[in-house]
Amino acid sequence: MKTRDEIYAHEAADLLRDITMYHCMAYAQILKLYPGKDEKINLLLQHLMRQGRIFHSNEDDCFYDRADGKPNQEMLSALWVLADFADRAAYHLAGEFPQQLTFFADGEMYDVIYISIEKQPLIEYALAQADKEASPGKRIVIVESSKQIFNVRICNTAAFCVVNPDTGKTTYFQPIKEA
């Protein structure tokens, strides 16, 4: 017979890995990334908080890897995109600038990139330089407004999207084909 630790060890390790890797995760995102395991996840979150390994903020209902954690809206938006692919994502990890995160789904690699209007030129330049060194995977580009899509020039964009930061509702748009 398995002990409780043996039963929960895998999920606990995965949950701790996710929160420490992304530094901030909304409770609703965690539930979407671990579908059908609400009760088990709630027990694990409580256990990890009692151990002082993660911290919860009632103000924003987010879990942090530090007691003084602050929400990162760009990462939270990227995690909502990942949550939409939770049933198909085989693996996911935090990205390096300018990617927020990378995941594998349906045999493809996807980079999730958040482009604020202020940082758009910098991110476009960084991606253009990176594309010279390696063949990029597919990209899902989060923009602040659907109007921004017409001005974004990034190769291998599989989709654009706008994420409502309050609800996590994500609206996807097809990339504009160059003539």
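Just so we're clear, the structure is a prediction, and the values are computed from it rather than from any experiment.

Describing the nonpolar core
Point 1. Within the largest apolar cluster, 36 residues are counted, with the highest numbers of intra-cluster contacts made by L15, I30, L101 and F103.
Point 2. Where this core is concerned, the elements lending two or more residues are α1 (4-22), α2 (27-33), α3 (38-50), α4 (73-84), β5 (99-105), β6 (108-115), β7 (138-143) and β8 (157-163).
Point 3. Looking at this core element by element, the count peaks at 7 residues for α4.
Point 4. In contact with L15, not counting residues within four places along its chain, are I30, Y34, I41, L44, L45 and L48.
Point 5. Membership of the second largest hydrophobic core comes to 10 residues, among which are I113, I123, V143 and V152.

Some thoughts on the packing of aromatic side chains
Point 1. Throughout the structure, instances matching the rule amount to 4 aromatic pairs.
Point 2. Both rings, one in F85 and one in F103, keep their centres 4.9 Å apart while their planes meet at 40 degrees; by these two values the pair is tilted. Of this pair, F85 sits in the loop between α4 and β4 (89-94) while F103 sits in strand β5, and the two are 18 residues apart along the sequence. Taken as a pair, F85 and F103 share a single burial class, namely buried.
Point 3. Taken together, F85, F103 and Y110 form an aromatic cluster joined through their ring pairs.

About the criteria used
- What you see as residue numbers is a count from 1 along each chain, following the sequence as written.
- Two thresholds apply to this predicted model, a pLDDT of at least 70 for residue-level local features and 80 or more for giving and counting side-chain atom pairs, whereas whole-chain, interface and lining totals are computed over all residues.
- Hydrogens are left out, water is left out, and the side-chain values use all remaining heavy atoms of the structure.
- Grouping buried Ala, Val, Leu, Ile, Met, Phe, Trp, Tyr and Cys residues that are joined through side-chain atoms within 4.5 Å yields what is termed a nonpolar core.
- Only protein chains enter the calculation, and the probe is 1.4 Å; a residue is then buried if its accessible area is under 20% of its type maximum, exposed if over 50%, and partly exposed in between.
- Secondary structure follows DSSP: runs of H or I at least 4 residues long count as helices, runs of E at least 2 residues long count as strands, and numbering of each begins at the N terminus.
- Contacts were defined at the residue level, with two residues in contact if any of their heavy atoms lie within 4.5 Å.
- Working definition: a ring pair exists when centres of Phe, Tyr or Trp rings (six-membered ring for Trp) sit within 6.5 Å. Plane angles under 30 degrees give stacked, over 60 give edge-to-face, the rest tilted.

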